[in-house]
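An overview of the molecular structure
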Amino acid sequence: MITEEAPEVVPAPAPAAPEPPRPAARRRRAWDEVPRWQIYLPLSVYLLFTLIPFYWILLFALRPAGSTSLVPWPMTSDHFGKVWNERSFGVYFQNSVLVGVATLVMTTVVALAGGYALARFDFRLKRGFMLALLCTQFVPGALLLVPLFEIFANLRMVNSLASVVIAETVFQLPLSMILISGFIRNVPYSLEEAAWVDGCNRFTGFRIVVLPLLRPGLIAVGSFAFVHAWNHFLFALMFLSDQGKQTIPVGLNTLMSADSVDLGALAAGGIVAAVPVVIVFAFIQKWLITGFSAGAVKG
């Protein structure tokens, strides 16, 4: 009698235990995690290197004349009163504000129109024109003094704040136009086309649709134009001869003579010149960073 053998049951293999992480991979992950002190130590050294000159200026501006203390105590405001009243820094401050604001407005308006043309229209020699705009940034401002002075002399604009505003605007326009054209390219062209379909003309569509989206870029361009006009020394020195029309950088230069330098007054004048720029950047910091991010992304 033939009997069938029962098939042998093979037990299922037990699940393999997970392999422990390899030492090389563990070392690689530990290498990628940089310790905090390696980040904070260089930043602290850089911050210390940056803040020491500011503290030195505050020290000379706030401590009494003739003091050698490393701590501004007792503090005095005599140096600020001297530069503001005796050295006519109130007039210099007003002139610098007028030049800076006028340069900001003119640069932004003209660069907005030129940047829109570069971004939305195709014309012959467009690449060459943009290359020429870029190459103008390699020309130092000192080379423009003689031709600009001749032009302003023929127009009888020498010794007027308008000459400085025009010179600063001309100097800032090339880079501003390039930056604004980059911001406009990031705005989809379909948005303008949708506005045209709704009945808007080109100008109205640009004002309603595109212009609100360019706010960060306009703030970035305008702030740089204002700061450059506020700090620029050369144009104001060459085009303005009347002391009542000078700006703050030229006023700071009058505090230094061939024989002596009033360090307290010079430090106080430097603070008067720096505080408005710091306040402006503190208020527009968010918009400025947003503008740089928008200009860095290709649309």
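**Section: the overall build of the chain**
The number of helices and strands found in the chain is 14 helices and zero strands. Start at the N end of the chain and walk to the C end: the helices and strands fall as α-α-α-α-α-α-α-α-α-α-α-α-α-α. For the chain, the residues scored as buried account for 32% of the 299 residues in total. At a minimum sequence separation of 6, the contacts of the chain that also span at least 24 residues come to 73%. Looking at the chain as shown, the accessible area adds up to about 19600 Å², and 68% of this sits on carbon and sulfur atoms.

**Here we look at the packing of helix 4 (residues 89-120) against helix 7 (residues 161-185)**
At a minimum axis separation of 6 Å, helix 4 and helix 7 run at an interaxial angle of 35°. In this structure, helix 4 crosses over helix 7, and the sense of that crossing is right-handed. Of the residues assigned to the contact of helix 4 with helix 7, the class counts are 17 nonpolar, nine polar and three charged.

**Focus on a nonpolar patch on the surface**
Residues Tyr55, Trp56, Leu70, Val71, Trp73 and Met75 make up a contiguous nonpolar surface patch of about 720 Å² in total accessible area. Tracing the chain through its elements places Trp73 in the loop between helix 2 (36-62) and helix 3 (78-86).

**So, the pattern of salt bridges**
On inspection of all chains with the given rule, the structure shows two salt bridges. In this structure, Arg120 engages Glu192 in a salt bridge whose closest nitrogen and oxygen atoms are separated by 2.6 Å. In this pair, Arg120 sits in helix 4 while Glu192 sits in helix 8 (residues 189-197), placing the two residues 72 residues apart along the sequence. Each member of the pair Arg120 and Glu192 is classed as buried.

**Describing the packing of aromatic side chains**
Taken as a whole, this structure holds 12 aromatic pairs when the rule is applied. Ring centres of Phe93 and Trp230 lie 5.5 Å apart, and the angle between their planes is 85°; this geometry places the pair in the edge-to-face category. In this pair, Phe93 is assigned in helix 4 and Trp230 in helix 10 (residues 215-231), connecting sequence segments 137 residues apart. Note on Phe93: relative accessible area 24%, which makes it partly exposed. What makes Trp230 buried here is its relative accessible area of 2%. Taking 6.0 Å as the distance between ring centres and 75° as the angle between the ring planes, the aromatic pair formed by Tyr116 and Phe121 counts as edge-to-face. The exposure class of Phe121 is partly exposed, given its relative accessible area of 36%. Each residue in the set Phe149, Phe152, Phe171, Phe235 and Phe239 is aromatic and connected to the rest through ring pairs, giving one cluster. Lying over the aromatic face of Phe60, Arg63 brings its terminal NZ or CZ to 4.6 Å of the ring centre.

**Topic: the environment of Trp56**
By secondary structure assignment, the location of Trp56 is in helix 2. On the accessibility criterion, Trp56 (43% relative accessible area) is partly exposed. Once the C-alpha coordinates of Trp56 and Ala267 are considered, the two residues, 211 residues apart in sequence, prove to be 8.7 Å apart.

**Re the side chain of Thr103**
Assignment of secondary structure puts Thr103 in helix 4. Aside from chain neighbours lying at most four places away, what touches Thr103 is Val165, Glu168, Thr169, Ala225 and Ala229.

**Thoughts on the confidence of the model for the chain**
On average, residues of the chain score 80 in pLDDT, and 84% of them reach the 70 mark or higher. At the low end of the mean pLDDT range in the chain sits helix 1 (residues 23-32), at 51; at the high end sits helix 4, at 90. Note that pLDDT drops below 50 for residues 1-6; the model gives that stretch zero contacts with residues more than four away or on any other chain. Confidence over residues 295-299 falls short of pLDDT 50; this stretch has six contacts with residues more than four positions distant or in other chains.

**What about the packing of helix 5 (residues 126-135) against helix 7?**
Relative to each other, helix 5 and helix 7 sit at 130°, their axes nearing to 8 Å. On the basis of the axis angle, helix 5 is oblique to helix 7. Between helix 5 and helix 7 the crossing geometry is left-handed. Together, Lys126, Phe129, Met130, Leu133 and Leu134 of helix 5 and Pro174, Met177, Ile178, Ser181 and Arg185 of helix 7 make up the contact between the two elements.

**As for the environment of Pro74**
Looking at where Pro74 falls in the secondary structure, it is placed in the loop between helix 2 and helix 3. Among all residues touching Pro74, those that are not within four sequence positions of it are Leu62, Arg63 and Pro64.

Reading guide: rules and limits
Per chain, the residues get numbers from 1 upward, laid out in the order the sequence is written. This being a predicted model, a pLDDT of at least 70 is required before a residue's local features are given, and a value of 80 or more before pairs of side-chain atoms are given or counted; all residues contribute to the totals for chains, interfaces and linings. Note that water and hydrogens are dropped before the side-chain values are worked out from all heavy atoms of the structure. Comment: elements are numbered from the N terminus, with helices defined as DSSP H or I runs of at least four residues and strands as E runs of at least two. Per-residue accessibility, obtained with a 1.4 Å probe over protein chains only, is compared with the maximum for each type, and a residue is labelled buried under 20%, exposed over 50%, and partly exposed between these values. Contacts are assigned to residue pairs that have any heavy atoms within 4.5 Å of one another. The accessible surface values rely on the Shrake-Rupley method and a 1.4 Å probe; as for residues, cover is taken only from the protein chains in view. Every axis in this analysis is a line fitted to C-alpha atoms, fitted for helices over the stretch in contact. Angles between the N-to-C directions lie between 0 and 180 degrees. Crossing handedness: left-handed means the near helix sits turned counterclockwise from the far one by under a right angle, and right-handed means the same turn made clockwise. Side-chain classes are defined by residue name, with Ala, Val, Leu, Ile, Met, Phe, Trp, Tyr, Cys and Pro counting as nonpolar, Asp, Glu, Lys and Arg as charged, and the others, Gly among them, as polar. Patch membership requires more than 30% relative accessible area and the absence of a salt bridge. Residues of like charge join within 9 Å; the nonpolar side chains Val, Leu, Ile, Met, Phe, Trp and Tyr join within 5 Å. One side-chain nitrogen of Lys or Arg within 4 Å of one carboxyl oxygen of Asp or Glu is enough to make a salt bridge. Here a pair means two rings of Phe, Tyr or Trp (six-membered ring of Trp) with centres within 6.5 Å. Their orientation is stacked below 30 degrees between planes, edge-to-face above 60, and tilted elsewhere. For a ring to carry a charge above it, either NZ of a lysine or CZ of an arginine must fall within 6 Å of the ring centroid while also lying within 35 degrees of the normal to the ring plane. Values of pLDDT, which run from 0 to 100, indicate the predictor's confidence residue by residue. Orientation is classified from the angle alone, with under 35 degrees giving roughly parallel, over 145 giving roughly antiparallel, 65 to 115 giving roughly perpendicular, and any other angle giving oblique.

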